[in-house]
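Observations on the model geometry
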Amino acid sequence: MSFSARYGTLIGLLAIVALFAALSPEAFAKGSNLINITQQMSLLAIVALGATFVMSLSEFDLSVGAVVSMAGIVSVTLFGAGWGIVPVMLVTLLAGFAVGAVSGLAIATYRMPSFIVTLAMGTIVGGITYWISDGATLFGNIPVGFRDLGRGYLAGIPVLTLWALAATLFAAFILDHTELGRRILAIGGNREAARLTGVRIVPNSVWAFGLCTLFAALAGLLLTARLGSAHPTGGNGFLLQAYAAVFLGMTAFRDGQANALGTLLGAAIIAVVANGLTILGVPNYLQDIFTGLIIIGAVLVRNIGGRAA
């Protein structure tokens, strides 16, 4: 793998940062804004890191946005019923894992397309979320200690940033240093070859999809902690951006393979572009166009670098 193919996306991020710093040194280049960017990208990074597991299987999970929303509604509802912080988080994370596990079981057992299964599952989860919330924003009696998980600082670093870093290390450890990760990557590389070498497709797929939605549920909890409320569609905007981050990450460090560090880099690119364009006063619809062009450009650079290798 050539240098440009391995590190081109990272160099691209540094170039984008340098460009915005030159265009708006008094605002973008401030240390406080750079820290703010890490906080802004944290929730997206966590959702995208979950999606990295299913992308490593060469599959998709379209329910992640609905699971983010569900986690917020479930947590606020349980807080309103008098539950403590730890039980609420455990039950919400287990519920999130269960959504993906059911999807993974159906996909792996019956060879159903992941697009269809997870789209249906996301629709079901969204319906349940609306049913629980009655379509309204929920506030409930959210404890201060829980809100600190999304709003606090530790040694000047946003707690959300630390959550994202911890999620990155965990995802990287699972994918790169465990038997589960090796099996997931083997299935994604060649399902039939993996099966013939003794890799069990169903349980490993269940784990990959379950971890995907577990991360989405974590992001939903942290989003609720940060906002102090939950809306039944609060997580819908994460779906496309999360997979954009994963695709960007697949152009970095490894030859077209989903990886945790690359996904974090992809989320950083999306966050830097959004922050820089906002500071420059660029309308939201143009930000979407720029983000799309950057993704296409990153893939193009990787492909050209790969052919040159």
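Let me begin by describing the structure that accompanies this report. (Residues numbered from 1 in each chain as written. Predicted model: local features only at pLDDT ≥ 70, side-chain atom pairs only at ≥ 80, totals over all residues. Heavy atoms only, no water.)

**Quick notes on the overall build of the protein**
A tally of regular secondary structure across the protein gives 13 helices and two strands. Relative to the compact-globule value of 19 Å for 309 residues, the protein shows a C-alpha radius of gyration of 19 Å, a close match. Seen through its C-alpha atoms, the protein measures out along the principal axes to roughly 60 × 60 × 35 Å. Split into buried and exposed, the 309 residues of the protein put 51% on the buried side. The positive charge centre, built from 14 side chains, and the negative charge centre, built from 10, are 5 Å apart in the protein. (Helix = DSSP H or I, 4+ residues; strand = E, 2+ residues; numbered from the N terminus. Rg over C-alpha atoms; globule rule 2.2 N^0.38 Å. Buried < 20%, exposed > 50% of the residue type's maximum accessible area, 1.4 Å probe, protein only. Lys, Arg positive; Asp, Glu negative; His and termini not counted. Charge placed at Lys NZ, Arg CZ, Asp CG, Glu CD.)

**Re helix H2 (residues 31-56)**
Taking 1.5 Å of rise per residue, the 26 residues of H2 would be expected to cover 38 Å, and the 35 Å separating its terminal C-alpha atoms lies within 8% of that figure. Of all the bends found along H2, the most pronounced is centred on Ser 42 and spans about 40 degrees. Of all 26 residues in H2, 19 are buried, a share of seventy percent or more. One or two positions beyond H2, positive phi appears at Ser 58, with a value near 65 degrees. (Expected span 1.5 Å × (residues − 1). Bend = angle between axes of the 7 residues up to and from the residue.)

**Section: the pattern of salt bridges**
With the rule as written, the count across this model stands at three salt bridges. Ionic pairing is found between Glu 179 and Arg 182, a salt bridge with its closest N-O pair at 3.4 Å. Here Glu 179 and its partner Arg 182 are both found in helix H8 (residues 179-189), three residues apart, which amounts to about one turn of the helix. Under the relative-accessibility criterion, Glu 179 is labelled partly exposed at 42%. With its nearest N and O atoms 3.9 Å apart, the salt bridge here joins Arg 183 to Glu 179. With Arg 183 and Glu 179 both in helix H8 and four residues apart, the pair spans about one turn of that helix. Assessed through its relative accessible area of 28%, Arg 183 is described here as partly exposed. What emerges from the salt-bridge pattern is a single network uniting Glu 179, Arg 182 and Arg 183. (Salt bridge = Lys/Arg side-chain N within 4 Å of Asp/Glu carboxyl O.)

**Observations regarding helix H12 (residues 260-279)**
In this model, H12 (20 residues) spans 29 Å end to end at C-alpha, consistent with the 28 Å of a helix rising 1.5 Å per residue. With respect to burial, H12 is a largely interior element, 16 of its 20 residues being buried.

**Regarding the packing of aromatic side chains**
The geometry of an aromatic ring pair is captured by two quantities: the separation of the ring centres and the angle between the planes. Taken as a whole, this structure holds nine aromatic pairs when the rule is applied. Pairwise contacts between aromatic rings join Phe 60, Phe 115, Tyr 243 and Phe 247 into one cluster. (Phe/Tyr/Trp six-rings, centres within 6.5 Å; stacked < 30°, edge-to-face > 60°.)

**A short note on the packing of helix H6 (residues 144-151) against helix H7 (residues 159-177)**
In contact at an axis separation of 6 Å, H6 and H7 are set at 70 degrees when each is read in the N-to-C sense. The orientation of H6 relative to H7 falls into the category roughly perpendicular. On H7, the residues that touch Asp 148, Leu 149 and Gly 150 of H6 are Val 159, Leu 160 and Trp 163. Residue classes in the contact of H6 with H7 are distributed as four nonpolar, one polar and one charged. (Axes fitted to C-alpha atoms, helices over the stretch in contact; angles between N-to-C directions. Parallel < 35°, antiparallel > 145°, perpendicular 65-115°, else oblique. Contact = heavy atoms within 4.5 Å. Nonpolar A, V, L, I, M, F, W, Y, C, P; charged D, E, K, R; others polar.)

**Notes on the packing of H6 against helix H10 (residues 201-227)**
Axis separation between H6 and H10 bottoms out at 7 Å; the angle between their running directions is 105 degrees. The angle between H6 and H10 falls in the class roughly perpendicular. Only Leu 221, Leu 222, Thr 224, Ala 225, Arg 226 and Leu 227 of H10 make contact with H6, whose side of the interface consists of Phe 146, Arg 147, Leu 149, Gly 150 and Arg 151.

**So, the nonpolar core**
Among the nonpolar cores identified, the biggest contains 94 residues, and Ile 46, Phe 53 and Tyr 243 are the most heavily contacted of them. Top element by residues in this core is H10. It accounts for 14 residues. Those residues in contact with Tyr 243 that sit more than four places away from it in its chain are Ala 51, Val 54, Met 55, Phe 60, Asp 61 and Val 64. (Core = buried A, V, L, I, M, F, W, Y, C linked by side-chain atoms within 4.5 Å.)

**Remarks on a nonpolar patch on the surface**
On the surface, a nonpolar cluster with roughly 480 Å² of combined accessible area is contributed by Phe 3, Tyr 7, Leu 10, Ile 11 and Leu 14. Among the structural elements, Phe 3 can be located in helix H1 (residues 3-23). (Patch = residues over 30% accessible without salt bridge, like charges linked within 9 Å, V, L, I, M, F, W, Y side chains within 5 Å. Areas by Shrake-Rupley, 256 points an atom, 1.4 Å probe, with all protein chains shown as cover.)

**A closer look at the side chain of Asp 61**
Relative to the assigned elements, Asp 61 resides in the loop between H2 and helix H3 (64-80). No salt bridge is formed by the buried Asp 61. Its closest oppositely charged neighbour is Arg 191, at 14 Å. Among the polar contacts listed, one links the side chain of Asp 61 to the side chain of Ser 63, at a separation of 2.5 Å. Not counting chain neighbours up to four residues away, the residues in contact with Asp 61 comprise Val 54, Gly 100, Thr 118, Phe 209, Cys 212, Thr 213, Leu 239 and Tyr 243. (Polar contact = N/O pair within 3.5 Å; in protein donor to acceptor, adjacent residues only side chain to side chain.)

**Regarding the environment of Trp 131**
Considering the arrangement of structural elements, one finds Trp 131 in helix H5 (residues 114-133). The class for Trp 131 is exposed, based on a relative accessible area of 70%. Sequence separation of Trp 131 and Leu 185 is 54 residues, and the distance between their C-alpha atoms is 37 Å.

**Here we look at the side chain of Asn 33**
Turning to its location among the elements, Asn 33 is positioned in helix H2. In terms of polar contacts, Asn 33 uses its side chain to reach the backbone carbonyl oxygen of Phe 28, at 3.0 Å. The residues contacting Asn 33, other than those within four sequence positions of it, are Ala 27, Phe 28, Asn 275 and Ile 279.

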